[in-house]
Structure formats: structure tokens, C-alpha cells
Amino acid sequence: MSDLQTIRKPVATELEKFQPYFSNFLKSNSKLLNIIIFYLLKQKGKQIRPLLVFLSAKMFGTVCDKTYQAAAFIEMMHTASLVHDDVVDESDMRRGFWSINAIWKNKASVLLGDFLLAKGLLLAVDNQGYDLLQIVSQAVEEMSEGELLQMEKARHLNITEQDYYQIIRQKTAALMVACTKAGACSVGASESDMQKMADLGDCMGKAFQIRDDLFDYDASAQSGKPVGNDIIERKMTLPLIYSLNNCSKSDRRHIIKLMRKKQKSPTDVQQVIDFVMAHNGVEYARQQMKNLSDKALQILATLPQNEANQSLVDIVSYIVDRKK
């Protein structure tokens, strides 16, 4: 598996320029907002989304101002969604840092998220990037719908496999679709190529989420996510959904009863993990993830073969093989 440093090589210069470009655009007249934004920017993650935008653009042409605008717009939407998520989930930590709401409380966090959304919209409108506006706005709409669908289904613990795929398509894949499609759009790719890039982002996003869900059953992972955390939080993910669809009625009733418990003991959590392992839930989810990564590679095989394409091939492998 290639590491991220190798994957970034074709767009290393662009990514280096992007960080100050992004920081500069977020400057505000509010002193408090600038302090919070400075704190937020220190938490730079893997930059997967800007990386996808730049690679998708470079595969079809030369990175231009519109590509930077697309990457910044998507990064603002993504960051706003994380800040709002921490408020909704009452999370105190994010990437090993105290969350915004833990330090500055919910009101400042919600307003920061609103500010980021507004800045993203202004960036697109001021540069007449209405095609980018449509791509990213559609992603934000889907992300909101996905969160609400998950909330609705979590109350009753009745998520089907079809529901699961709809939720992860909207919650996770929608933003990756925006990255790959907006990157291609920024350099004038054809409609058919943009559709291929949207399909690529969809496969990558779904595979990414399934890999995240598998960490719940993997004690050897370095994800920072405790084993069984989804079970504790009553989240129905693919390994569990598959197992519940392939077991006896009595086993299903027992596991659902455990999942409904507000306070689960370590024994309860281990029972669910053992149940999923016994019913090949993890193996099934891994196979579905592989099917999605294979489909992504098939799409890339039909697109221009260059350095950027190879890096996108490597990202597909990175998504399914990562340990965190």
C-alpha cells in the first residue's frame, strides 16, 4: 500500500499552496472568530478531500484558480459539518484535540459552522462558480438527509442493508462525489467524464465508511476508535446488519435486546462482537468493501492514464487497507 506522501506527489505543490490560500480566505472581522479559526486550522487532518479535488483536476487538465476554489469550498463544507456534528453528538474531542463546543460552547460552534457555510457560498458566487455551487450544495443536502435517516432508523434498530447503503452514500460518499466531480469540473472535463468521477467518488466514499465500520471489530487497528464503540452507541453497521439477517429468530431477539440497552457492560459488547464474528459479518463487509474498490479501479481504467490517475488508484488501496 502506498503511503499518503507518495500519493500526494503529483499535486504536492498545489497542496502546499492550498493551506495558506484556505487560511487567508477564512479571515474574519470578528476577533473571537479568528481565534477559533486559528485553533481549528491547527487540527489539519490527512487533507484527503483537497487531495481528491486536485488529483481529479490534474487527471483531466491543469490545476487552475477554479480548482483551488472547489477545494476550499468543499473543505469549508466538510469542516462546518464536523463542527455541527460535534454539537449534535455532544463530543468533547476531535482528532485528539478538544472540540470547538468543548472550549467555546455550542452557540459559538453553531455560529462558526454557519460562518464556514456562508464563506463557502460566497466563494462560489463571487467567482461565478455556479456549477461548483450546484455540485457542493447537492452534497450538503444529501449529508443532512443521511444524518436524519440514520437518526430515524436508529430509534427502532430496523436498518436494512439497503437503508445502510443509502445512509453511507449520503453521509460519507456524497462529499467524496463532490470532490472528484468538482475537481474534474474545474478544468472543463466532459459531462460523461464528470459522471464517471461522481461514480468513482461514490465507490470510494462507501468503501471508506465500511472500512471505518470494520474498525469496531478490530482490536489491532490504530484508528483511535475503541473496539465496540458503534455497538455502545447503538449504531447498526454492515457487519451487524448482515449477521442479524442470517441468524435464528431467538439470536436476533437476543442481540437486538442487547443493542437496545442504554448502558452496555463490556460483556454485552463482547457478546455482540462474538455474534458478528460467528455469523461472518466482518468477512461479508470486507467482501463488499473489496467489490466497491474493484468497481472504483474499473472506472479509473477507463480514464486518462497519468500520474494523477495512478495516485487515485493508490488512494483506493489506501482506503481499504488503512489501519486508522
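Predicted model only: the values in this text are computed from it and were never measured. (Residues numbered from 1 in each chain as written. Predicted model: local features only at pLDDT ≥ 70, side-chain atom pairs only at ≥ 80, totals over all residues. Heavy atoms only, no water.)

## Observations concerning the overall build of the protein chain
Heads up, the rule is: Only DSSP runs of H or I with at least four residues qualify as helices, and only runs of E with at least two residues qualify as strands; both kinds are numbered from the N terminus onward. Note on definitions: a residue-residue contact is assigned when non-hydrogen atoms from the two residues lie within 4.5 Å. Computed by Shrake-Rupley with a 1.4 Å probe, the accessible areas treat only the displayed protein chains as cover when residues are assessed. The convention is simple: Lys and Arg are positive, Asp and Glu are negative, and His and the chain ends are not counted. All charge positions are set by atom: Lys at NZ, Arg at CZ, Asp at CG, Glu at CD.
Along its length, the protein chain carries 15 helices and two strands. Principal axes of the C-alpha set define a box for the protein chain whose edges measure 60 × 50 × 30 Å. In the protein chain, the proportion of contacts linking residues at least 24 apart, taken out of those at least 6 apart, comes to 75%. Accessible surface, the protein chain as shown: approximately 15700 Å² in total, 51% of it carbon and sulfur. Charged side chains in the protein chain number 41 positive and 38 negative. The centres of these two groups are separated by 4 Å.

## A closer look at helix α8 (residues 161–186)
The condition is simple: Take the number of residues in a helix, subtract one, and multiply by 1.5 Å to get its expected span. The bend at a residue is defined as the angle formed between two axes, one fitted to the seven residues ending at that residue and one fitted to the seven starting there. The buried label applies to any residue whose accessible area, calculated with a 1.4 Å probe on protein chains only, is under 20% of its type's maximum; exposed applies above 50%, and partly exposed to all values in between.
Between its terminal C-alpha atoms α8 stretches 35 Å, which fits the 38 Å expected from 26 residues at 1.5 Å a residue. Where α8 bends most, at A173, the angle is about 55°. A large share of α8 lies buried, amounting to 20 of its 26 residues. Backbone geometry just downstream of α8 places G188 in the positive-phi region, at approximately 80°.

## What to know about the nonpolar core
Convention followed: Nonpolar cores are built from buried Ala, Val, Leu, Ile, Met, Phe, Trp, Tyr and Cys residues. Side-chain atoms within 4.5 Å join them into one set.
By size, the foremost hydrophobic cluster in this structure holds 100 residues, and its most contacted members are L112, M204, I210, M236, L240 and I315. The greatest single-element share of this core, amounting to twelve residues, is contributed by α8.

## Things to note about the layout of surface pockets
So the rule is basically this: Only protein atoms enter the calculation, which uses a 1 Å grid: trapped sets of points that fit a 1.4 Å probe without letting it out are cavities, open sets showing protein on both sides within 12 Å along at least five of seven lines are pockets, and any residue with an atom within 4 Å of a point is a lining residue. Grid points are joined across faces, edges and corners, and a volume is the space filled by probe spheres set on the points.
One number sums up the size of the second largest pocket: a volume of about 230 Å³. Around the second largest pocket sit 14 residues that line it, and Q138, E142, A174, V177 and A198 are the ones nearest its centre. Going through the elements one at a time, α7 (130–156), α8 and α9 (191–214) are the ones with two or more residues in the lining of the second largest pocket. Sorting elements by how many residues they give to the lining of the second largest pocket places α8 first, with six residues.

## Thoughts on the environment of L55
Summarising the element assignment, L55 is placed in helix α4 (residues 48–60). Taking relative accessible area as the criterion, L55 reaches 0% and is therefore assigned buried. C-alpha separation for the pair L55 and C179, spaced 124 residues apart in sequence, amounts to 9.6 Å. Sequence-distant contacts of L55, that is, excluding residues within four places in its chain, are made with I7, P10, V11, A308, S311, L312 and I315.

## Some points on the pattern of salt bridges
Filter applied, for reference: Should a side-chain nitrogen of Lys or Arg be within 4 Å of a carboxyl oxygen of Asp or Glu, the pair is scored as a salt bridge.
All chains considered together, the criterion is met by eleven salt bridges. The salt bridge involving K153 is made with D163; its shortest N-O contact spans 3.4 Å. Linking K153 in helix α7 with D163 in helix α8, this pair joins segments that are ten residues apart in sequence. Residue K153 shares its accessibility class with D163, and that shared class is buried. Across the pair E233 and K235 runs a salt bridge whose closest N-O atoms are separated by 3.3 Å.

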